[in-house]
Structure formats: C-alpha cells, structure tokens
Amino acid sequence: MAPIRLQEYGVGIFNNIPTKSALKKALKKQLITVDKTVATTATFIKGGETIELAYQKTKTPKKQLIFPLEVLFEDEYLAVIHKPAGILVSGNSFKTIANALPQNLKKSTLTDASIPQPVHRLDYPTTGILLVGKTNSSIRILNKLFEDKEIHKTYYAITIGKMKTKGKVISSVDSKKSKSKYKVLNSVPSERFGSLNLVKLSPKTGRRHQLRIHLASIGNPILGDKEYGKKGLILNGKGLYLHAYSLKFIHPFTKEKLHLKDALPERFKKIFEE
C-alpha cells in the first residue's frame with residue numbers, strides 16, 4: 001500500500017475513537033503506538049505495522065437518550081436520518097443526535113460493528129438529511145468521501161431580498177477558501193422583507209456556517225438567521241429556514257448509486273403555496 005498518514009488511516013479502527021477528531025485527541029494524549037513507538041500526527045502507515053491503543057476508561061452514560069428519529073434509509077453499513085431543528089448533532093451535551101442514534105437504528109451484524117456515528121455536521125437550527133456510519137470501516141470511508149468531495153449535498157433555504165436568478169459565492173470562511181452555488185427557484189413579494197426567495201444551494205466546500213455566511217455576504221441572509229441576519233429583519237420564533245435536502249454518492253460497499261432525499265418542510269411550502 002502507498003504510505004498514508006495514521007490520522008487518515010486510523011479513523012474507525014478502534015470502537016471508542018470512531019471519528020477523525022477523536023483520533024487526533026488520542027494522538028495528542030499519546031494513547032496510540034505503532035510497532036511499540038508512540039504515534040503522532042506525522043506518523044505514516046506503510047502496511048504490516050501493529051497499531052495499538054492504550055486502555056482508557058470511558059464514561060458510560062447513566063441513562064439512554066429517548067429521542068425518536070425519522071430513519072430515511074438504513075442497511076448494515078450506514079443510515080440516513082432526518083435531523084430536526086433545535087438539537088446538536090454531537091458534542092458534550094446529553095441531548096444530541098449522536099446519543100439518540102443507538103436507540104433508533106438497528107445494530108449492524110457485521111464484525112466491525114460500531115456505535116453509530118454522524119459523519120458530518122448540521123447546525124443546531126438546521127433541519128434535514130444526516131449521514132451516519134454503523135461500522136468502523138464505514139465511518140472511516142464515509143469521512144474520506146466527504147474529504148474528497150465525493151458526496152454531493154443539496155440544501156434549500158428561504159432568503160430575504162431581491163436576488164439574481166443564479167450565481168456562486170467564493171470567499172474565505174475561518175481563513176479557508178469556500179465556495180457555494182445557488183439558484184433561485186421561486187420568489188414572492190413580502191411587505192416586511194421586500195422579497196422572499198426559495199433558493200437551491202450546492203456547497204462545494206464544507207466550512208462551518210458556510211451557506212449562512214455566503215448568503216448574508218451578498219445581502220440575502222436566510223430567513224430566521226439571528227446570527228447573520230439583517231438588523232430589524234430578524235424573524236423570531238419560527239427558526240432558521242435552512243434545510244439539508246439531499247445526499248448523492250456511490251455506496252462505498254454495495255456500489256449502489258444513492259440519491260437520498262429529505263422532503264422540504266411544510267413551513268417552507270406555506271410561504272410559496274399561492
């Protein structure tokens with residue numbers, strides 16, 4: 001095999017470090033060795049090495065999170081669920097999508113079955129489709145597919161103000177280059193907001209808050225965006241009108257072409273139903 005960094009290769013090898021961020025933390029704590037030598041982020045794997053993880057007592061939650069989730073697709077390797085607004089995907093809070101997954105998904109029967117883990121993020125107020133890995137190898141490969149931009153995401157948003165019918169935004173987000181494409185599908189006049197637009201969005205990179213920042217930067221913030229919205233035009237009480245609509249990719253194990261969708265929320269449709 002061609003040499004590959006351990007921090008890329010090692011995602012999902014161990015059940016208790018299923019994500020890239022968890023792997024980096026384990027490396028920082030010097031918990032991983034390669035052929036009895038403490039590994040770092042600069043360690044490369046060439047094939048044939050013995051990779052070991054030092055035992056670390058993990059805290060188990062005292063109670064399970066009972067939070068029903070809508071499962072849109074599931075097999076032995078992965079699952080796709082609907083993320084409602086008002087819940088974190090992961091983190092230190094008890095109420096997260098990650099903590100709710102084991103109670104909502106069937107445990108994989110494969111030999112490298114793992115605790116199911118989300119393999120990308122959606123913001124706290126964003127609704128929509130979320131991809132989950134159910135085995136160590138699936139989590140690792142799905143993370144790599146996202147890094148290689150082989151999973152294509154589509155969002156819908158309702159934006160404020162007059163817009164060009166289509167365009168792209170290229171800018172720096174968190175000091176990293178970011179790019180999004182947009183297309184206006186429908187517009188209706190609004191006494192308060194001037195115009196409300198149903199916009200289809202295709203992010204080409206995956207920066208934090210990227211779509212929200214990009215739309216605000218061209219003067220068309222997303223309806224209900226309290227962080228990036230225009231002063232005096234913040235819609236309170238009805239949440240953020242941003243929905244992750246679809247994921248398109250080739251299943252890494254079955255090689256099936258998947259185009260999975262999460263229907264547009266009714267609150268979006270109501271604005272344009274006339």
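Please read these numbers as outputs of a predicted model, since none were measured by experiment.

(A) Up close: helix H3 (residues 97-104). Of the residues making up H3, those classed as buried are Ile97, Ala98, Ala100, Leu101 and Asn104. For H3, the angular spread of the buried residues around the axis is 155 degrees, confining them to a single face. In this structure, the buried side of H3 is in contact with strand E6 (70-74), strand E7 (78-83), strand E8 (113-118) and strand E9 (127-135).

(B) Region of the structure containing the pattern of salt bridges. As enumerated under the stated definition, the model contains 7 salt bridges in all. Between Arg212 and Asp123 there is a salt bridge, and its shortest N-O distance comes to 3.1 Å. Note that Arg212 is positioned in helix H5 (residues 210-217) and Asp123 in the loop between E8 and E9, a separation of 89 residues in sequence. Residue classification places Arg212 among the buried positions, given a relative accessible area of 6%. For Asp148, the salt bridge identified is with Lys144, shortest N-O distance 2.8 Å. Overall, Asp148 belongs to the partly exposed group, its relative accessible area being 37%. Judged by relative accessible area, Lys144 falls into the partly exposed class, the value being 35%. Salt bridges sharing partners connect three or more residues here, namely Asp123, Arg212, Asp225 and Glu227.

(C) Spatial organisation of the nonpolar core. Counting 67 residues, the largest nonpolar core has Leu131, Leu201 and Phe249 as the members making the most contacts within it. For this core, the element with the highest residue contribution is strand E10 (residues 152-160), accounting for 5 residues. Ignoring sequence-local partners within four residues, the contact set of Phe249 consists of Leu78, Leu131, Leu142, Glu150, Ile151, Glu256, Lys257, Leu258 and Leu260.

(D) Structural context of the environment of Lys269. Considering the arrangement of structural elements, one finds Lys269 in helix H6 (residues 266-272). When the C-alpha atoms of Lys269 and Lys248 are compared, they prove to be 23 Å apart, with 21 residues separating the residues in sequence.

(E) Just the pairing of strand E12 (residues 176-190), in detail. When strand E11 (residues 166-173) meets E12, the two strands line up antiparallel, connected through 8 bridges. Bridge pairing in E12 places Gly167 opposite Tyr182. Between E11 and E12, which pair antiparallel one after the other, the connecting turn spans 2 residues, and Asp174 there sits at a positive phi close to 55 degrees. Here E12 runs beside strand E13 (residues 194-203); their pairing, made up of 10 bridges, is antiparallel. Its bridge partner lying in E13, Tyr182 is registered against Leu201.

Rules behind the numbers
Residues numbered from 1 in each chain as written. Predicted model: local features only at pLDDT ≥ 70, side-chain atom pairs only at ≥ 80, totals over all residues. Heavy atoms only, no water. Buried < 20%, exposed > 50% of the residue type's maximum accessible area, 1.4 Å probe, protein only. Helix = DSSP H or I, 4+ residues; strand = E, 2+ residues; numbered from the N terminus. Arc of directions from axis to C-beta. Contact = heavy atoms within 4.5 Å. Salt bridge = Lys/Arg side-chain N within 4 Å of Asp/Glu carboxyl O. Core = buried A, V, L, I, M, F, W, Y, C linked by side-chain atoms within 4.5 Å. Pairing = 2+ DSSP bridges.

The values reported here are purely geometric and, on their own, carry no functional implication.
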